[in-house]
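The chain contents come next:
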Amino acid sequence: MINIILLGPPGAGKGTQARKLVDDRGMVQLSTGDMLREAMAAGTEMGRRVADVMSRGELVTDEIVIGLIEEKITGGQGAGFIFDGFPRTLPQADALGELLTRRGLRLDAVIEMRVDDAALVARITGRFTCGACGEVYHDATHPTAKPGVCDVCGSTDMRRRADDNEDSLKLRLMEYYKKTAPLIGYYYARGDLFTVDGLGEIDAVGAEITRIIDARCC
Ligand code: ADP
Ligand code: ADP
Ligand code: ZN
């Protein structure tokens, strides 16, 4: 089993690559963004509490996301976990380290996906996902074969996120550079950091990630 973190700004391609690893290797994707959106859709108390913060593009509290992750790392993790969009702050990184140790697990690699800001705007404003199966699409770089119909599951429930606009992206990037980018140094110092060029095509980025995982694992 192998446990990895995908680290990168909004729109870097973390979710896209995580889904590939789920399909190809049977790994388990843990996306705190997806969990928070599910809580909002379900109308839970926590979901209502985070809605405003998320729509502004700010980070929700460490306590909430650490709690979400804690619930998921219980056992039966099979091929391993992909942490997608978590950790995003230094306290979250410390908490994850402690949690993994407590569960007898280790972190094998932190993969930083580098994409420059100009490309992120195009990525975010063209993103849509299938509401039924979660497949991530893009108007220009990864459209559906038939307009409005999911290639994977045939659903026509295509969704765009309320926070996927340029204003919110600016704030999310600010949060990323202020609070999340310090994790690059944190994991570099531990010898866990690997960097991939996130600007390549989806399959090329996937191949780079696979190479890193295979070199680290088993
Ligand atoms: P993206 O795909 O753009 O990187 P996510 O789906 O990961 O965005 O996250 C969407 C929003 O959910 C973030 O802007 C933030 O408000 C909240 N969020 C997700 N993960 C975390 C986290 N680990 N810590 C704090 N807030 C988070
Ligand atoms: P993140 O989870 O890091 O926020 P996503 O995986 O949701 O990023 O990708 C953001 C958008 O960019 C999506 O519309 C996705 O289809 C597209 N995308 C992802 N990876 C690439 C790539 N390597 N080249 C071009 N577009 C990509
Ligand atoms: Zn689908």
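Notes on the structure in this doc start here. All figures in this text were calculated on a predicted structure; none of them were measured in a lab.

With that settled, consider the sheet that holds strand S7 (residues 158–159). For sheets, the rule is that strands pair by backbone hydrogen bonds, running either parallel or antiparallel. Pairing is antiparallel across the open sheet formed by 3 strands, whose spatial order is S6-S5-S7. At either end of the open sheet lies a strand with only one pairing partner, and these are strand S6 (136–138) and S7. Pairing of strand S5 (residues 127–130) with S7, which is carried by 2 bridges, proceeds in the antiparallel orientation. Bridge assignment links Thr 129 to a residue of S7, and that residue is Arg 159.

In the neighbourhood of ligand 2, 19 residues make up the surrounding shell, with Gly 11, Thr 16, Arg 127, Tyr 137 and Gly 200 lying closest. A distance of 2.8 Å is found between an oxygen atom of ligand 2 and a backbone nitrogen or oxygen belonging to Gly 15. With respect to ligand 2, the side chain of Arg 123 contributes an N or O atom lying 3.4 Å from a nitrogen atom. For ligand 2, whose unbound accessible area comes to 560 Å², protein coverage reaches 93%. Within the residue set of the shell around ligand 2, elements represented by two or more residues are helix H1 (14–25), S6 and helix H9 (202–216). Counted by class, the shell around ligand 2 contains 7 nonpolar, 8 polar and 4 charged residues.

Where H1 meets H9, the axes come as close as 10 Å, and the angle between the chain directions of the two elements is 60 degrees. The angle between H1 and H9 falls in the class oblique. The way H1 lies across H9 gives a crossing that is right-handed. Judged by residue contacts, Thr 16, Gln 17, Lys 20, Leu 21 and Arg 25 of H1 engage Ile 202, Asp 203, Val 205, Gly 206, Ile 209, Thr 210, Ile 213 and Asp 214 from H9.

Turning our attention to the packing of aromatic side chains. For the structure on display, the rule yields 4 aromatic pairs. An angle of 75 degrees between the planes, with centres 5.4 Å apart, marks the rings of Tyr 176 and Tyr 177 as edge-to-face. A ring pair is formed by Tyr 186 and Tyr 187, whose centres lie 4.9 Å apart and whose planes are at 85 degrees; its orientation type is edge-to-face. Accessibility expressed as a relative area gives 16% for Tyr 186, which makes it buried.

In the neighbourhood of ligand 1, 18 residues make up the surrounding shell, with Thr 32, Arg 37, Glu 58, Gln 92 and Arg 172 lying closest. Contact between ligand 1 and Arg 37: an oxygen atom at 2.9 Å from a side-chain N or O atom of the residue. A distance of 3.0 Å separates an oxygen atom of ligand 1 from a polar atom in the side chain of Arg 88. A per-element tally of the shell around ligand 1 places helix H2 (residues 32–42) first, with 4 residues. Grouping the constituent residues of the shell around ligand 1 by class yields 7 nonpolar, 4 polar and 7 charged.

Now for the side chain of Ser 31. Tracing the sequence through the fold places Ser 31 in strand S2 (residues 28–31). A relative accessible area of 7% places Ser 31 in the buried class. Among the polar contacts made by the side chain of Ser 31, one reaches the main-chain amide nitrogen of Asp 34 at a distance of 3.0 Å.

This part takes up the side chain of Asp 108. Relative to the assigned elements, Asp 108 resides in the loop between helix H5 (90–102) and strand S4 (109–114). On the basis of relative accessible area, Asp 108 is assigned to the buried category, the value being 4%. Of note is the side chain of Asp 108, whose polar atom sits 2.8 Å from the backbone nitrogen of Asn 3. Discounting residues that sit within four places of it in the chain, Asp 108 has contacts with Met 1, Ile 2, Asn 3 and Arg 216.

This paragraph deals with the pairing of strand S3 (residues 81–84). By the alternation rule, side chains of S3 split into Phe 81 and Phe 83 and Ile 82 and Asp 84, which are all buried. Across 3 bridges, strand S1 (residues 4–7) lies against S3 in parallel orientation. Residue pairing in the sheet places Ile 4 in a bridge with Ile 82 of S3. Strand direction decides the pairing type here: S2 and S3, joined by 4 bridges, are parallel.

Parameters and conventions
Residues numbered from 1 in each chain as written. Chains lettered and ligands numbered in written order. Predicted model: local features only at pLDDT ≥ 70, side-chain atom pairs only at ≥ 80, totals over all residues. Heavy atoms only, no water. Pairing = 2+ DSSP bridges. Helix = DSSP H or I, 4+ residues; strand = E, 2+ residues; numbered from the N terminus. Near = heavy atom within 4 Å. Polar contact = N/O pair within 3.5 Å; in protein donor to acceptor, adjacent residues only side chain to side chain. Areas by Shrake-Rupley, 256 points an atom, 1.4 Å probe, with all protein chains shown as cover. Nonpolar A, V, L, I, M, F, W, Y, C, P; charged D, E, K, R; others polar. Axes fitted to C-alpha atoms, helices over the stretch in contact; angles between N-to-C directions. Parallel < 35°, antiparallel > 145°, perpendicular 65-115°, else oblique. Left-handed = near helix turned anticlockwise from the far one by under 90°. Contact = heavy atoms within 4.5 Å. Phe/Tyr/Trp six-rings, centres within 6.5 Å; stacked < 30°, edge-to-face > 60°. Buried < 20%, exposed > 50% of the residue type's maximum accessible area, 1.4 Å probe, protein only.

Limitation: the analysis is restricted to geometry and does not speak to function.
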